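So the chains spell out like this:
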Amino acid sequence: MTTTLMLRACGRGMQFTARMTKQRGSEMRPMSIDSQPLTAKQNLTWPKYLEIRRQKRRWETAVTIPCTLLGLAGGVAYFGSLETDATKLIMGIDPLFFYGGCTVACMGLGYLIGPVVGSACWRLTHRRTMGLIEEKDREFHKRIVKNRVDPTAQSATNPVPDYYGEKIGSLHQYRQWLRDQAKFRRKAQFNEQ
């Protein structure tokens, strides 16, 4: 016997659907949409997690480009339409240079907002697996913190390699990151002695 339960969150328009199954003489247990037990689906492998992570980074980059261009276009549209008097300085700066700087600042703001918007869009499309992904994120960041090097030992000739592990998108890249961290440690210890 299969029963479907639907709950609606107040005022948010979100819904939760759970399928329950009951076998004769046993209690009801949750089932996923494709009739596999939820505990079996809760395993996210490292290669799959790193693939998801790389995909998220691509979304952020893909959305950053249009946001940057929109920021530039908005800055040009607003600051280009202002009437200026070349004889009156703005904060001691020629108005042309000031408005040009403000336009570039609008473009920079679009560049900064792009990854946030991209991440939000990506999270909307991956709502079902967010719990698993966040759990793996916590575990991944624990590994990064445990294995990364001490940044106080860096120098101009020996910079810290990818301190936050942002560019890791596969097991091969993770292993390379570990090798780079070990190489940095060896160089830092060799320079101290």
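An account of the accompanying structure is given in this report.

Basis of the calculations
Residues numbered from 1 in each chain as written. Predicted model: local features only at pLDDT ≥ 70, side-chain atom pairs only at ≥ 80, totals over all residues. Heavy atoms only, no water. Helix = DSSP H or I, 4+ residues; strand = E, 2+ residues; numbered from the N terminus. Contact = heavy atoms within 4.5 Å. Areas by Shrake-Rupley, 256 points an atom, 1.4 Å probe, with all protein chains shown as cover. Salt bridge = Lys/Arg side-chain N within 4 Å of Asp/Glu carboxyl O. Buried < 20%, exposed > 50% of the residue type's maximum accessible area, 1.4 Å probe, protein only. Disulfide = S-S within 2.5 Å. Phe/Tyr/Trp six-rings, centres within 6.5 Å; stacked < 30°, edge-to-face > 60°. Lys NZ or Arg CZ within 6 Å of the ring centre and 35° of its normal. Core = buried A, V, L, I, M, F, W, Y, C linked by side-chain atoms within 4.5 Å. Lys, Arg positive; Asp, Glu negative; His and termini not counted. Polar contact = N/O pair within 3.5 Å; in protein donor to acceptor, adjacent residues only side chain to side chain. Axes fitted to C-alpha atoms, helices over the stretch in contact; angles between N-to-C directions. Parallel < 35°, antiparallel > 145°, perpendicular 65-115°, else oblique.

Remarks on the overall build of the protein
Next up, step 1: Looking only at helices and strands, the protein features five helices and three strands.
Next up, step 2: The helix and strand sequence of the protein, counted from the amino end, reads β-β-β-α-α-α-α-α.
Next up, step 3: Residue pairs in contact within the protein that sit at least 24 positions apart in sequence constitute 53% of those at least 6 positions apart.
Next up, step 4: For the protein, the exposed surface amounts to about 14200 Å²; the carbon and sulfur share of it is 59%.

Observations regarding the pattern of salt bridges
Next up, step 1: Tallied over the full model, the rule gives three salt bridges.
Next up, step 2: For Glu-51, the salt bridge goes to Arg-54, with nearest N and O atoms at 3.2 Å. Of this pair, Glu-51 and Arg-54 both sit in helix H2 (residues 46–81), three residues apart, roughly one helical turn.
Next up, step 3: Residue classification places Arg-54 among the partly exposed positions, given a relative accessible area of 27%.
Next up, step 4: Note that Glu-134 and Arg-123 form a salt bridge whose closest N and O atoms lie 2.7 Å from each other. In this pair, Glu-134 sits in helix H4 (residues 130–147) while Arg-123 sits in helix H3 (residues 95–125), placing the two residues 11 residues apart along the sequence.
Next up, step 5: Among the residues examined, Arg-123 registers a relative accessible area of 33% and is labelled partly exposed.

Here we look at the state of the cysteines
Next up, step 1: A complete count under the given rule lists zero disulfides for this structure.
Next up, step 2: Between Cys-67, a cysteine without a disulfide, and Cys-121, which holds the nearest cysteine sulfur, the sulfur-to-sulfur distance is 8.4 Å.
Next up, step 3: On the basis of relative accessible area, Cys-67 is assigned to the buried category, the value being 16%.
Next up, step 4: With no disulfide partner, Cys-106 has as its closest neighbouring cysteine sulfur the one in Cys-102, 7.0 Å distant.
Next up, step 5: A relative accessible area of 26% places Cys-106 in the partly exposed class.

Quick look at the packing of aromatic side chains
In this description, an aromatic ring pair is defined by two values, namely the gap between the centres and the angle between the planes.
Next up, step 1: Throughout the structure, instances matching the rule amount to nine aromatic pairs.
Next up, step 2: Above the face of the Trp-46 ring, Lys-136 is positioned so that its terminal group lies 4.2 Å from the ring centre.

Thoughts on the nonpolar core
Next up, step 1: Judged by nonpolar contacts, Leu-44, Tyr-49, Leu-50, Ile-52, Trp-122, Met-130, Ile-133, Phe-140, Ile-144, Ile-168, Tyr-174 and Trp-177 together constitute the single largest core of 12 residues.
Next up, step 2: Secondary structure elements with two or more residues in this core: H2, H4 and helix H5 (171–192).
Next up, step 3: The greatest single-element share of this core, amounting to four residues, is contributed by H4.
Next up, step 4: When near neighbours in sequence (up to four residues on either side) are disregarded, Trp-122 contacts Ile-52, Gln-55, Lys-56, Trp-59, Met-130 and Ile-133.

Examining the environment of Ala-153
Next up, step 1: Within the secondary structure, Ala-153 sits in the loop between H4 and H5.
Next up, step 2: Taking the C-alpha atoms as reference, Ala-153 lies 8.6 Å from Gln-189; in sequence the two are 36 residues apart.
Next up, step 3: Setting aside residues up to four positions removed in sequence, Ala-153 forms contacts with Phe-184 and Ala-188.

A closer look at the side chain of Lys-136
Next up, step 1: Mapped onto the elements, Lys-136 comes out in helix H4.
Next up, step 2: Among buried charged residues, Lys-136 stands out as having no salt bridge; its nearest opposite-charge side chain is Glu-139, 4.3 Å away.
Next up, step 3: At a separation of 3.1 Å, a polar atom in the side chain of Lys-136 contacts the main-chain carbonyl oxygen of Leu-44.
Next up, step 4: Setting aside chain neighbours within four positions, we find Lys-136 in contact with Leu-44, Thr-45, Trp-46 and Tyr-49.

Side note on the packing of H2 against H4
Next up, step 1: Contact geometry of H2 with H4 gives a least axis separation of 11 Å together with a crossing angle of 95°. Relative to H4, the element H2 is oriented roughly perpendicular. Taking contact as the criterion, the partners of Trp-46, Tyr-49, Leu-50, Ile-52 and Arg-53 in H2 are, on H4, Ile-133, Lys-136, Asp-137, Glu-139, Phe-140, His-141 and Arg-143.

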